Amino acid sequence: MIEIDEILSKVKEYNPHADVALIRSAYEFANDSHKGQKRVSGDLYITHPLSVAEIITRLRLDVPSICAGLLHDAVEDTSATTKDIEDRFGAEVAFLVDGVTKLGKISYYTKEELQSESFRKMLLAMVRDIRVILVKFCDRFDNMQTLHHLPREKQERIAKETMEIYAPLAQRLGIDWMKHQLENMAFRYLYPGEYELLQKEQVQHARREQRYILGIERSISKMMKRNDIDCRVFGKIKNQWSIRNQMKRTGRSYEDIENKIGFYVITKKSHFCYQALGVIHAMWTPVPGSFKDYIALPKPNMYQALHTLVVGKDGKRLKLQIQTEEMYLIGEHGIAADWHHKEGKATIISTKNSKKLAWLRQLTETQEETNDPIEFIESIKEDLFSEEVHVFTPQGDVKALPEGSTPIDFAYMVHSLVGDTCSGARVNGMVVPLRYCLRSGDTVEIITLPKQKPNIGWLRLVKTAHARTKIRQSIRREQRDKALVLGKKILERALKQYGWSIAKAEKDGSLDNVLTSLGHDNVTNMLMAIGYGKITTSQVIEIIVPSQDQVKTKEQSDSKTGPMHNILKHTPFTSDKSIKIGDQNNSMVRLAMCCNPLPGDKIIGTMTMGRGVAVHHTQCPTALDLDPTRRVPVEWDSNDKTEYRVVVEVISSNKPGLLASISQAFTKSSVNIYKASCVATTDRTRATNTFHAMVRHISQLHDVTETLSRIDGVYSTRRVNTQKS
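Every value quoted in this text rests on a predicted model; they were computed, and no experiment measured them.

Cut-offs and rules
- Residues numbered from 1 in each chain as written.
- Predicted model: local features only at pLDDT ≥ 70, side-chain atom pairs only at ≥ 80, totals over all residues.
- Heavy atoms only, no water.
- Pairing = 2+ DSSP bridges.
- Helix = DSSP H or I, 4+ residues; strand = E, 2+ residues; numbered from the N terminus.
- Axes fitted to C-alpha atoms, helices over the stretch in contact; angles between N-to-C directions.
- Contact = heavy atoms within 4.5 Å.
- Core = buried A, V, L, I, M, F, W, Y, C linked by side-chain atoms within 4.5 Å.
- Buried < 20%, exposed > 50% of the residue type's maximum accessible area, 1.4 Å probe, protein only.
- Expected span 1.5 Å × (residues − 1).
- Salt bridge = Lys/Arg side-chain N within 4 Å of Asp/Glu carboxyl O.

Asker: Would you mind going over the sheet that holds strand S11 (residues 422–427) in detail, with residue names and values included?
Answerer: Read across the sheet, three strands follow the order S12-S11-S13 without closing on themselves; strand pairing throughout is antiparallel. Of all strands in the sheet, those with a lone pairing partner are strand S12 (430–432) and strand S13 (444–448), marking the two edges. Averaged over all pairs of adjacent strands, the angle between their axes in this sheet comes to 35°, without regard to strand direction. Here S11 pairs with S13 via five bridges, running antiparallel. Bridge pairing links alanine 425 to isoleucine 446 in S13. Across the face of the sheet, helix H18 (residues 407–414) comes into contact with S11, S12 and S13 while running at roughly 85° to S13.

Asker: Describe the nonpolar core, listing the residues and the values that go with them.
Answerer: Nonpolar side chains in soluble globular proteins tend to end up buried together. Formed by 70 residues in total, the largest nonpolar core has its most connected members in Ile23, Leu71, Ile85, Phe137 and Met178. The element that contributes the greatest number of residues to this core is helix H9 (residues 130–145), accounting for nine residues. Excluding anything up to four places from it in sequence, isoleucine 23 contacts Ile4, Leu8, Val11, Val63, Ile66, Cys67 and Leu70. Counting 32 residues, the second largest nonpolar core, distinct from the first, contains Ala483, Met607, Leu701 and Ile711.

Asker: Go over the sheet that holds strand S16 (residues 603–608) with me, naming the residues and quoting the values.
Answerer: Reading across from one edge, S15-S17-S16-S18 is the order of the four strands in this open sheet, with mixed pairing throughout. Of all strands in the sheet, those with a lone pairing partner are strand S15 (589–591) and strand S18 (631–632), marking the two edges. In this sheet, strand S17 (residues 612–617) lies alongside S16 in antiparallel orientation, the contact comprising six bridges. Residue pairing in the sheet places threonine 608 in a bridge with glycine 612 of S17.

Asker: Pulling in residues and values, what's your account of helix H11 (residues 176–190)?
Answerer: The first and last C-alpha atoms of H11 sit 21 Å apart over 15 residues, in line with the 21 Å expected at 1.5 Å per residue. Of the residues making up H11, those classed as buried are Trp177, Met178, Lys179, Leu182, Glu183, Asn184, Met185, Ala186, Phe187 and Tyr189. Structurally, H11 contributes buried residues whose contacts are with helix H3 (47–58), H9, helix H10 (152–172), helix H12 (192–226), helix H13 (240–250) and helix H15 (325–333).

Asker: Residues and numbers for the pattern of salt bridges, please.
Answerer: Counted by the stated rule, this structure contains 22 salt bridges. Residue lysine 179 is joined to glutamate 183 by a salt bridge in which the shortest nitrogen-to-oxygen separation is 3.4 Å. Remark: glutamate 183 and lysine 179 occur in helix H11; sequence separation between them is four residues, near one turn of the helix. Here lysine 179 and glutamate 183 have matching classes, each one buried. Here arginine 710 makes a salt bridge to glutamate 196, at a shortest N to O gap of 3.4 Å.

Structural data, given as structure tokens:
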């Protein structure tokens, strides 16, 4: 257990004028408030605030941040109030504690809403004061360090959220060391089998890698000294999660992975960086196209360095990063490195107008434009994870876009109207298709036409959340207009058979009764719901038309069911009995072919015009593109025993006996294989194994993939598609 005196000592190292008395007072207050409380591990609860405060000192944050770390759970878990904090420690500390506390106090119906709202609150907190999210990061970091004390289900949930939200945000804020360690800790709980195998590999090769690192360090240092370049040189092995992803992506074993060791050359001034680059390129052959200058064009998270890839004397490729000491500090600590200490007072550089946090303003705009939690969180994840390219406007301004962006993304970055009317583009003076992937250095000019409109095909081309949100908004407006016209036509035709009309129902007030009964705010929304098939004309007629006027002839009975029913009953359709739709029992439902969800997958239902309810996986791009107002609550029937076909692709080494081990993994999880194919690569080192199997629940598939990941020689597994038996 870390002691308060250790924390105070660390603070004095980077801030000699720090008010350590205030920090000690915060510790004493927290210790008294949490007296008698224990963590799940059995340790005294005060060990958590102390650990959080110690992690904050690694970021070299100011005194209010450290106090907030010590007090962050006091308001939520004890009788202390924000007013108590403010009276004793001041408004600034109280503000930070309140901000961190509010990030944890969120209650929503679904995990998607919870995750989305957590992220929205994080964005707003960052805009107001970046220190709130930094303290929250340190809180999450300590929780990840003690995650082994929690049940498996909670471990997976917290680890997934850490991997998807906290680690990417840490990267965006430029806190490199925290990002890597969060990924490694989450990796351990998300893929325990793969984690254990990689750990063993690293232990096995540790000595040889250390000798290799020392040899390269000596060679570079010797050449730099010979050229009078004052610098320090060191090598670091990539974090485990990055190595794992590279192994999956390339299908190579740990031993065969290139560039898993990065070398750093840290100089005194930036012009020495370019001199050092020249020395290295004279010493070893550079790989064409590998050089990147992030000093001239920094990343949005403030990261600056020269990157190069060279071929060493032994034929191995070496990845080098060349930076100044200041650049390296910013690369490790990011936005936290923006603190300056003057006359004993720590202040953060204003982020309100800073270009360094332009991405934060873009994310904030996206969250303001997107109401749907699932759509918002998926869009944000893409923006956070993407590498970037830098392109130019015709006027010479630089725009940073995610790697893989197209001219449409660029158009929407310029202005929403430019994006909506984009009909073509010129890149470096040449006309290119809208699917063209922009590259760093491109000069982009957008061609517009007033009558041009976004189409659904654009959603497969764009990379940025902002562009996708704007395109969806435009398409949904068009869909809603069509649903409104159709709904009005259907209702007018149904009412006409009873001598009624929408205008008559509005005039006598009966339409207001319909809105109240069916839970709609206005007539427009109700008509759209009819157009989408979410409500039937019979529901409306029963409220509007007096019962004595409802003549029960067959023709009128058909009218009561509604013209939408007439469309549906002629549609070839098999209702899937494994799905429940809210409190409806007779709704027609089908599993969407675009994603083919399995029982146990998270699902959403969408009304389709003429084909009932289509059930999608919550992360299905097609479902996210549809209007959220068309969604209906759906869930799996836990009593259903239907078996589903699933196709699993396993990439492995091509060695004797491995196929038998892979097959046994399916048998162990009671999954029957009814078809299999194995194809070796041309060099016969790897094999692609495709298994067609039958499962009743996603948990069976998870068991199989978990077992497969533990098999030596298996590089990756993925579910290809599913189909009902």
